[in-house]
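# Understanding the architecture of this molecule
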Number of protein chains: 6
Amino acid sequence: MKQTVLMKEMDAFTYRERLATNPIVIIPVGSLEQHGPHMPLCVDELLSTDMAIAVAERIGAVVGPAITFGYKSQQRSGGGYHLAGTVSMTGKTFIDLAKEITLELAEHGIRRFVFCNGHYENYQFLFEGVDLAVRDLRARGIEIICQLISYWDFVDDATIDRLYPEGFTGWDLEHGGVLETSLMLLLHPDLVDMERVSDDPPAVLPNYDILPIKPELTPPSGCLSSARNATLEKGRILLDTAATGMVEAIRHEF
Amino acid sequence: MKQTVLMKEMDAFTYRERLATNPIVIIPVGSLEQHGPHMPLCVDELLSTDMAIAVAERIGAVVGPAITFGYKSQQRSGGGYHLAGTVSMTGKTFIDLAKEITLELAEHGIRRFVFCNGHYENYQFLFEGVDLAVRDLRARGIEIICQLISYWDFVDDATIDRLYPEGFTGWDLEHGGVLETSLMLLLHPDLVDMERVSDDPPAVLPNYDILPIKPELTPPSGCLSSARNATLEKGRILLDTAATGMVEAIRHEF
Amino acid sequence: MKQTVLMKEMDAFTYRERLATNPIVIIPVGSLEQHGPHMPLCVDELLSTDMAIAVAERIGAVVGPAITFGYKSQQRSGGGYHLAGTVSMTGKTFIDLAKEITLELAEHGIRRFVFCNGHYENYQFLFEGVDLAVRDLRARGIEIICQLISYWDFVDDATIDRLYPEGFTGWDLEHGGVLETSLMLLLHPDLVDMERVSDDPPAVLPNYDILPIKPELTPPSGCLSSARNATLEKGRILLDTAATGMVEAIRHEF
Amino acid sequence: MKQTVLMKEMDAFTYRERLATNPIVIIPVGSLEQHGPHMPLCVDELLSTDMAIAVAERIGAVVGPAITFGYKSQQRSGGGYHLAGTVSMTGKTFIDLAKEITLELAEHGIRRFVFCNGHYENYQFLFEGVDLAVRDLRARGIEIICQLISYWDFVDDATIDRLYPEGFTGWDLEHGGVLETSLMLLLHPDLVDMERVSDDPPAVLPNYDILPIKPELTPPSGCLSSARNATLEKGRILLDTAATGMVEAIRHEF
Amino acid sequence: MKQTVLMKEMDAFTYRERLATNPIVIIPVGSLEQHGPHMPLCVDELLSTDMAIAVAERIGAVVGPAITFGYKSQQRSGGGYHLAGTVSMTGKTFIDLAKEITLELAEHGIRRFVFCNGHYENYQFLFEGVDLAVRDLRARGIEIICQLISYWDFVDDATIDRLYPEGFTGWDLEHGGVLETSLMLLLHPDLVDMERVSDDPPAVLPNYDILPIKPELTPPSGCLSSARNATLEKGRILLDTAATGMVEAIRHEF
Amino acid sequence: MKQTVLMKEMDAFTYRERLATNPIVIIPVGSLEQHGPHMPLCVDELLSTDMAIAVAERIGAVVGPAITFGYKSQQRSGGGYHLAGTVSMTGKTFIDLAKEITLELAEHGIRRFVFCNGHYENYQFLFEGVDLAVRDLRARGIEIICQLISYWDFVDDATIDRLYPEGFTGWDLEHGGVLETSLMLLLHPDLVDMERVSDDPPAVLPNYDILPIKPELTPPSGCLSSARNATLEKGRILLDTAATGMVEAIRHEF
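The name given to chain A in an unreviewed UniProt entry is Creatinine amidohydrolase, with Actinomyces ruminicola as the source organism. According to the UniProt record, the Cofactor (unreviewed entry) comment for chain A reads "Zn(2+)". According to its UniProt record, chain A has this under Sequence similarities (unreviewed entry): "Belongs to the creatininase superfamily."

Here it is in structure tokens:
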């Protein structure tokens, strides 16, 4: 069988050999969410996994099983859960799933976890699920350490200035924009169609949420900023910057 | 972007065009579970997805997002949840996840569902999750129809006789055996290593369960029967037989 | 007070004396479910309890409190939950109840459990509930052993051949059929009316489930096979065969 | 089959005939709880069922399926949950079970419910479970009416004076005392042993609860007052008084 | 900063100094519930807190954070949940909240808890929440002691005779009546308007519950008995009597 | 009784009169959390309530009942849940409580909600709870509109420049800092002690979370930035700016 950093592609015996080395396991946390007319629904699953792979290869970690559904897309960071194509978990189910995956891997003997988040809205529910697992294990005398990362937080200001010469509007509006599209052009070019990129002006969203969602606030494309300036080259810079930063952060903790 | 039957690889606009045709959506239901030394942990995810694709291509359906974690592996059908490599959901979380995916797709307008199960232990929890969604929707005036299938149930007796000339011991013992290995040889040869196939004699398991699991009852390989007789050719027959049967069953219902 | 193997009919002091002997407790797991026009709704509660009593008397065990509601009747094994008369628990509540009964008895000091299931659809939820209790107790340093049995699994092939000379169609179709009716004729003749037995031909059900249930697939009687050939004598053979098999299995484990 | 007011002993077709008359269904709500050295654990299940039968026979109602496990025995009303023999549900599971039974019967078409409680500690959780069912059904346009009764509340002051000439200390202390024992002597004499009645003085319990329970506050017998003065004759008076009162209350509401 | 017995008004460092003395923490348990035309919705929160303060000042305890929402108002003790103004938690959420507050304070090192209940309907759910916390902590080797009090239970018969010369109808009917109004006149006179006191005759309620609630059974005022005879002076007696009784009970236990 | 915008201080009849005007209800969402040595644990409850009052008075709204416990304090925004004094709800209980309060008020007839959040970590769980209520009500044909606000988001950049001449480090680090302390000096001077303000340098926290929390990353004071520069005057500016912004936003939506 082929060599792989992906736990799911390992056979159980190979995985158990890896367990003996007390590996760091990096768990991609994605979503199934609309990403405009030019990218597929699984962008967050793909990119969180790609980031995890890039890091794992550099530090000899294992990429654990991905969470492939995310918490509900919110209008200010993902366009909103009302848009067909997005399939979300409720907060409670996300918490349960994150908790149970952590417990199961700890049962195998994993003690060092990195969660690599690729969907903005997941973070707090991921935190809660992992925290519940940490407490549950501690009550049974098992100590694990979990690092929770959103990969875009490792794109530093210098890189942002370089990639967004026209100005940067924040990671929340980067839904279906330059960041994700550039990375997809690099990593999954067959799943991007730059001709379908929307030229909607960037979304103008209030500094609060309204429920139920007001659909008219989301641009028709579902993207919160334009991916027009995305390039494969920017993807390479983004991947490299984020992976480098994550490697450093993980090395710092473990 | 490439043409695809996989919803997750569609962009949202293409998906919405498909919605307009009232498509059948086939949801693969897998697991992350040890499958012996010769196959990866994700066999059930892969095969339930492959089966869904084979069927979708024949009937013009969409393959919905896969459930990638299953219910706890039981000793009599999967070797047991105590074996490192297997990552399971509790029954309640499986129910919640199955329910929520169904509700979300129904929100998009999907009305015709097929669940293609590839992990024996999932079935009852899948039934419950889908049933809760059906009731919830009905209470709001929305009617969906859901067909719940385990793909091996469409391998008929004549095919079994042909594939298991040495005698067939039941689908429950087919964990990591001829069925799954043959299909993997056909569909994912790079993820099978026939040289690592165990020659453990078939597992002899009692007609009841013991909890906690008695590890000594599971063969060291984690497989309940030998895959020694698996071949790519048998995989082709199995895929064709099962897909044909499922197509017929789906056409019968929709 | 009368001598009894039924925990519920013991006073607390007598029960505590029994606890001192580290008894096996056998818990009947039934349902409240339609069983055709010729038998009452409580057949599964009665027969799982009768089986538990028969075994308990042979091995000196205690019959614990029965679970009297089951999981939803499914069309392929019980005719379906849509038939008035059937009162079911959801999967989650069944899991909770099975878990809590196990925890409570373990709190008394019980360490050896047998669950004697009499309703096909219960099994996976029973497994989950008991498994959660086993894990919860283990985390607190308490080890229990639980054996999960469906009583019909102890009717061997020779007996089947003897009792079903016209051919046997599987335990799933035995809902309200020869097995249950013969046992009821033996054990609760006042609750059977052979003149009301349906002569519906055996149900022909697909090898998948459809939700919502398609009522037209269930025979009008609600039975999946005819009880016409049931006799008290067959009941005696069934009771004896199953009890003997269960005794052997329990002795093997404890 | 024998005539019966017990739903569980009816066949489904007979039950459906009864449904056509829009019957009142009376659901016994019991427990499995220690009741001293002279009575069995199932006293509350038996007496709530007996009371339901007595009422049903007078007004032509159906006795629905009993809830056989109760909420945790509390020290001030049942001696406490720490006493071996008592098997309780948590509050949440009791709520769920009461809710689901109500929903299931409403699904059959039942619209008039009486819950006949026989275990002091159940009441609030029963109220909540039934209330959740009422709200759930109302949201779907189905209106049911539920009457929640504790049977001892229908023993009037005149009767109390007659039965407790030595003075009455309140229903909470009547655990295993004159009320329950007299009724058992009348209805289940083979399950009472007056020679084992404790002569503990009545329990003196504070007007608050302490958790964890302080075992020394409960008399060794587990009874909170003595059953020494119980008689079959008092049982007849109690049964008649309570049943008459309940009949009147039910007629008032329905 | 001002000296205070209220934990919520302490800074964290002052609180931690108090922790070092192993203090008793008294947790007020209130509600947000209609209390007639003459008193505000927060009466139960205020009075349970006032009682906690009165006790804390006498014994050097800390008043912990209040539970400000209660379980659903029931018709026989609070007029019913159907009356606008009342905002309740479901039983499950009340249980969870009570459990979590207890666990959190135990995490700080608190080992001695008093729960001072001011809303009749809360009690059983409070008991369950606290009991779950006690069990959870015990499983981790942490022992706490919890005393659960309803403050009116410490108004003795002599005081009742003195305050209700016209006769006392029970604490359940004291909703919005003399007890609460007198205490409010003493402690929060700016939140009472005696001119708005209703002169409805006392409610006549059956000895059972009906669901859904029958609004016509509750007097228009929402009060179950008249507060006409409430006075500040009675408030002083009530506060003093209840506080004295609680102090004694707490000293007895700790 | 005194005039008030606080629902909890209204009597039910006054509240019902307000309901007739279809009022906006503003619900403060706070926490019980350490805020350093110079401020009490209830800062977030107080300030979210004060902000709600300031807004309500300007637009004629009602201030609904506060949520007084928050989600777990996280290290990067509140110093962490490990610090004694902080009492948090789990994510699920926060969701349930937010959902139930919304449902209860909607039951009264409230259709326009503003949630005024004062604790950073609450936001996602608040969003989920409110969203579940919105969906539940919609399924029953009731439409409400909910605006979710964190009050500091209405402090504009010009004000930030004016108040933080030394530079602003972000709202997440404003835990126990200039913002909250200035507001407390204005609104609750008796609960602030400027002499106890810590001079810890601002916390330096990584751009990820580690679980379990690493206590050494939080400054000893528990504050993430110094409140040394807080003044009553800044409090006045902050209150005015935030209230003005919120009023505008609310007017925009309703």
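Each helix and strand in chain A was counted, giving eight helices and seven strands. The C-alpha atoms of chain A give a radius of gyration of 18 Å, which matches the 18 Å a tight globule of 254 residues would have. Reported as C-alpha extents along the three principal axes, the dimensions of chain A are approximately 50 × 40 × 35 Å. Out of the 254 residues belonging to chain A, those deemed buried represent 69%. Taking as baseline every contact in chain A between residues at least 6 positions apart, the subset at least 24 positions apart corresponds to 79%. Put simply, chain A shows about 8100 Å² of open surface, and 52% of that area lies on carbon and sulfur atoms. For chain A, the distance from the average site of its 21 positive side-chain charges to the average site of its 36 negative ones is 5 Å.

Below, the discussion takes up the sheet that holds strand S1 (residues 24–29) of chain A. Taken together, the five strands give an open sheet; going across it, the order is S2(A)-S1(A)-S5(A)-S6(A)-S7(F), and neighbouring strands pair in mixed fashion. The open sheet has two free edges, formed respectively by strand S2 (62–63) of chain A together with strand S7 (209–211) of chain F, since each of these has just one partner strand. Strand direction decides the pairing type here: strand S5 (residues 112–117) of chain A and strand S6 (residues 145–150) of chain A, joined by six bridges, are parallel. Considered in S6(A), the bridge of A:Phe113 is made with A:Cys146.

Before going further, it helps to spend a moment on the relation of the copies chain A and chain B. In this arrangement, two copies of a chain are superimposed by a rotation about an axis accompanied by a shift along the axis. Note on the copies: chain A fits chain B at an RMSD of 0.0 Å, the axial shift is 0.0 Å, and the rotation between them is 180°. The transformation relating the two chain copies, once decomposed into turn and shift, fits a two-fold axis. The rotation axis passes nearest to the C-alpha of A:Thr93 in chain A, at a distance of 3.3 Å. A high fraction, 100%, of the interface residues of chain A reappear at the interface in chain B, so the copies pair face to face through one surface.

Before going further, it helps to spend a moment on the packing of helix H7 (residues 178–187) of chain A against helix H8 (residues 232–253) of chain A. Residues and elements named next belong to chain A. Remark: H7 packs on H8, axes separated minimally by 7 Å, with the N-to-C direction vectors making an angle of 100°. Taken together, the axes of H7 and H8 lie roughly perpendicular to each other. Of the residues in H8, those touching H7 at Val 178, Leu 179, Ser 182, Leu 183, Leu 185, Leu 186 and Leu 187 are Leu 232, Lys 234, Gly 235, Arg 236, Leu 238 and Leu 239. Of the residues assigned to the contact of H7 with H8, the class counts are nine nonpolar, two polar and two charged.

Attention shifts here to the interface of chain A and chain B. Across the boundary between the two partners, chain A contributes 50 residues, which contact 50 residues of chain B. Linking chain A with chain B are four salt bridges, by the criterion used here. For A:Arg196, the salt bridge is made with B:Asp11, and the minimal N-O distance between the two is 3.1 Å. Counting the contacts that link chain A with chain B gives 22 residue pairs in polar contact (both at pLDDT 80 or more). By residue class, the composition of the side of chain A that touches chain B is 26 nonpolar, twelve polar and twelve charged.

Let us now look at unusual backbone geometry. A cis amide bond links C:Leu211 to the next residue, C:Pro212, at an omega of -5°. Structurally, C:Pro212 is set in the loop between strand S7 (209–211) and helix H8 (232–253). Backbone geometry at B:Asn22 places phi at a positive 50°, although glycine is not the residue there. Inspection of the secondary structure puts B:Asn22 in the loop between helix H1 (12–19) and strand S1 (24–29).

Once that is clear, we can look at helix H4 (residues 91–108) of chain B. Taking 1.5 Å per residue as the helical rise, H4(B) with its 18 residues ought to reach 26 Å, and the 26 Å between its terminal C-alpha atoms agrees with that figure. Burial of H4(B) is extensive: 15 of the 18 residues sit out of reach of the surface.

Turning next to the nonpolar core. Of all hydrophobic cores here, the largest spans 538 residues; its most connected members are A:Leu105, B:Leu105, C:Leu105, D:Leu105, E:Leu105 and F:Leu105. In this view, B:Leu105 contacts A:Val87, B:Met7, B:Tyr15, B:Val25, B:Ile27, B:Pro65, B:Ile110 and B:Phe113; residues no more than four positions away in its chain are not counted.

What follows deals with the side chain of B:Gln75. Residue and element names in this part refer to chain B. Along the polypeptide, Gln 75 turns up in helix H3 (residues 75–78). In terms of polar contacts, Gln 75 uses its side chain to reach the backbone carbonyl oxygen of Lys 214, at 2.7 Å. There is a polar contact of 3.0 Å between the side chain of Gln 75 and the side chain of Thr 218. In this view, Gln 75 contacts Gly 80, His 82, Leu 205, Ile 213, Lys 214, Pro 215, Leu 217, Thr 218 and Leu 224; residues no more than four positions away in its chain are not counted.

Basis of the calculations
For every chain, the first residue of the written sequence is number 1, and numbering continues from 1 along that sequence. For this description, chains carry letters from A and ligands carry numbers from 1, given in the order in which they are written. Given that the model is predicted, a residue must reach a pLDDT of at least 70 before its local features are reported, and side-chain atom pairs must reach 80 or more before they are shown or counted; all residues, however, enter totals for whole chains, interfaces and linings. Water and hydrogen atoms play no part in the side-chain values, which are based on all heavy atoms of the structure. UniProt positions are given in the numbering used here, feature names are shortened, and annotations may be inferred rather than shown by experiment. Strands are runs of DSSP state E lasting at least two residues, helices are runs of H or I lasting at least four, and both sets are numbered from the N terminus onward. Atoms counted for the radius of gyration: C-alpha only. Globule rule: 2.2 Å times residue count to the power 0.38. Any residue under 20% of the maximum accessible area for its type is buried, any over 50% is exposed, and the rest in between are partly exposed; the area is computed with a 1.4 Å probe on protein chains only. Between two residues, a contact is recorded if the distance between any of their heavy atoms is within 4.5 Å. Per-residue and other accessible areas follow the Shrake-Rupley method at a 1.4 Å probe size, with only the shown protein chains counted as cover for residues. Charged residues are defined here as Lys and Arg on the positive side and Asp and Glu on the negative side; His and the ends of the chain fall outside this count. Here the site of a charge means NZ on Lys, CZ on Arg, CG on Asp, or CD on Glu. In short, DSSP must find at least two bridges between two strands for them to pair. Overlaid copies result from least-squares superposition on C-alpha atoms, with residues included only where pLDDT is at least 70 in both. All axes are obtained by fitting lines to C-alpha atoms, using only the stretch in contact for helices, and the reported angles, taken between N-to-C directions, cover 0 to 180 degrees. For this classification, under 35 degrees means roughly parallel, over 145 means roughly antiparallel, 65 to 115 means roughly perpendicular, and everything else is oblique. Polar here means any residue outside two lists: the nonpolar Ala, Val, Leu, Ile, Met, Phe, Trp, Tyr, Cys and Pro, and the charged Asp, Glu, Lys and Arg; Gly therefore counts as polar. Only one rule defines a salt bridge in this text: a Lys or Arg side-chain nitrogen within 4 Å of an Asp or Glu carboxyl oxygen. Whenever two N or O atoms come within 3.5 Å, that pair is a polar contact, provided that in protein one can donate a hydrogen and the other can accept it, and provided that, for residues adjacent in sequence, both atoms are side-chain atoms. A helix is expected to span 1.5 Å multiplied by its residue count minus one. Among the buried residues, those of types Ala, Val, Leu, Ile, Met, Phe, Trp, Tyr and Cys that are joined through side-chain atoms within 4.5 Å form a nonpolar core.

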